Amino acid sequence: DTEVTQTPKHLVMGMTNKKSLKCEQHMGHRAMYWYKQKAKKPPELMFVYSYEKLSINESVPSRFSPECPNSSLLNLHLHALQPEDSALYLCASSRPDRPHYGYTFGSGTRLTVV
Amino acid sequence: GQQLNQSPQSMFIQEGEDVSMNCTSSSIFNTWLWYKQDPGEGPVLLIALYKAGELTSNGRLTAQFGITRKDSFLNISASIPSDVGIYFCAGANAGGTSYGKLTFGQGTILTVHP
């Protein structure tokens, strides 16, 4: 299994809603990542988890809250988002000992905030 | 911080033509990755380069890690319509505060006319 699976594929939420994005991988990777991507722009790193611990937070607003409940799962909890947060949210995973090996992205969740 | 200059920004070519794109950096990287992204999907890893001077092929794709470690190029031979998409280069350095971080180029949008 060489896939990173993200759900849901599409999400529309209001600014007062709470929702969660989910990511799952079964490649034995112990490094997992959240990225945000605007149309025709490169992905921007948000968070890095290594061995289920948050190792990098790229100054992301607190309305985005990551969680890594186990080595296969990564969640991104969303609350009180703004329309400008609408984007494609990508999850990725890689080997933690050599983090740029096997760096695999999921298909993303297309988020629209209304 | 580190920045990658990817060129060209876009290309319009005829089916069967060869394509070349490149990335340059103001500082060195010890890993270069090339990704292709289709609309609504996540980036898919095409080629990974881990050693300066390395030349690697994957089918019709060939990529090289520049000897100065500040640049990389990707060639696509005999283009076909399914080559359409956005191509991103990404540079990385292992360890320390750079752990797991990819620095992306701005992307090359490739259009192939049948």
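Colleague: Tell me about the overall build of chain A, and please be specific about residues and values.
Modeller: Of regular secondary structure, chain A possesses 0 helices and 11 strands. Along chain A, helices (α) and strands (β) appear in the sequence β-β-β-β-β-β-β-β-β-β-β when read from the amino end. The C-alpha radius of gyration computed for chain A amounts to 13 Å, which stays within 12% of the reference 13 Å derived for 114 residues, consistent with globular compactness. Along the longest, intermediate and shortest principal axes, the C-alpha atoms of chain A span 40 × 25 × 20 Å. Looking at chain A as a whole, 48% of its 114 residues are labelled buried. When the accessible surface of chain A is totalled, it reaches about 5,400 Å², and 50% of it is carbon and sulfur.

Colleague: Just give me the short version of the overall build of chain B, but keep the residues and values in it.
Modeller: Across its full length, chain B holds 0 helices and 11 strands. Counting from the amino terminus, chain B carries its helices and strands in the arrangement β-β-β-β-β-β-β-β-β-β-β. Relative to its length of 114 residues, chain B is compact, with a C-alpha radius of gyration of 14 Å against a globular reference of 13 Å. Scored against the burial criterion, the 114 residues of chain B give a buried share of 44%.

Colleague: Quick one: what's the story with the pairing of strand β8 (residues 73-79) of chain A, residue by residue and with numbers?
Modeller: All names here are of chain A. With 7 bridges connecting them, strand β3 (residues 18-25) and β8 associate as antiparallel partners. For S20, the partnering residue across the bridge sits in β8 and is H77. Of the pairings in the sheet, the one linking strand β7 (residues 64-70) to β8 comprises 5 bridges and is antiparallel in character. From the neighbouring strand, F64 faces β8, where its bridge partner is L78. Hairpin connection of β7 to β8: 2 residues between the antiparallel strands.

Colleague: Hey, could you go over the pairing of β3(A) for me, with residue numbers and the actual values?
Modeller: Pairing between strand β1 (residues 4-7) of chain A and β3(A): 4 bridges, direction antiparallel. Looking at β3(A), one finds that A:V4 is bridged to A:Q25.

Colleague: Provide a residue-level description of the environment of A:T112, including the pertinent values.
Modeller: Relative to the elements of secondary structure, A:T112 occurs in strand β11 (residues 109-113). Placed 70 residues apart in sequence, A:T112 and A:P42 show a C-alpha to C-alpha distance of 18 Å.

Colleague: How would you sum up the packing of aromatic side chains? Please name residues and give values.
Modeller: Residues and elements named next belong to chain B. Within the structure shown, the criterion is met by 10 aromatic pairs over all chains. Centre to centre, the rings of Y35 and F104 are 6.2 Å apart; their planes meet at 45°, and the pair counts as tilted. Residue Y35 is found in strand β4 (residues 31-37), and its partner F104 is found in strand β10 (residues 103-104); the two are separated by 69 residues along the sequence. Y35 sits in the buried class, given a relative accessible area of 0%. Judged by its relative accessible area of 7%, F104 falls in the buried class. Pairing F88 with F104 gives two aromatic rings, centres 6.1 Å apart and planes at 85°, and the pair type is edge-to-face.

Colleague: Tell me about the state of the cysteines, and name the residues and values.
Modeller: Residues and elements named next belong to chain A. The tally for this structure, following the rule as stated, stands at 2 disulfides over all chains. Across the disulfide from C23 sits C91; the S-S distance is 1.9 Å. The disulfide joining C23 to C91 has a torsion of about -70° about its S-S bond and is therefore left-handed. With C23 in strand β3 and C91 in strand β9 (residues 87-94), this residue pair connects regions lying 68 residues apart in the sequence. By relative accessible area, C23 is classed as buried at 2%.

The rules behind these values
- Residues numbered from 1 in each chain as written.
- Chains lettered and ligands numbered in written order.
- Predicted model: local features only at pLDDT ≥ 70, side-chain atom pairs only at ≥ 80, totals over all residues.
- Heavy atoms only, no water.
- Helix = DSSP H or I, 4+ residues; strand = E, 2+ residues; numbered from the N terminus.
- Rg over C-alpha atoms; globule rule 2.2 N^0.38 Å.
- Buried < 20%, exposed > 50% of the residue type's maximum accessible area, 1.4 Å probe, protein only.
- Areas by Shrake-Rupley, 256 points an atom, 1.4 Å probe, with all protein chains shown as cover.
- Pairing = 2+ DSSP bridges.
- Phe/Tyr/Trp six-rings, centres within 6.5 Å; stacked < 30°, edge-to-face > 60°.
- Disulfide = S-S within 2.5 Å.

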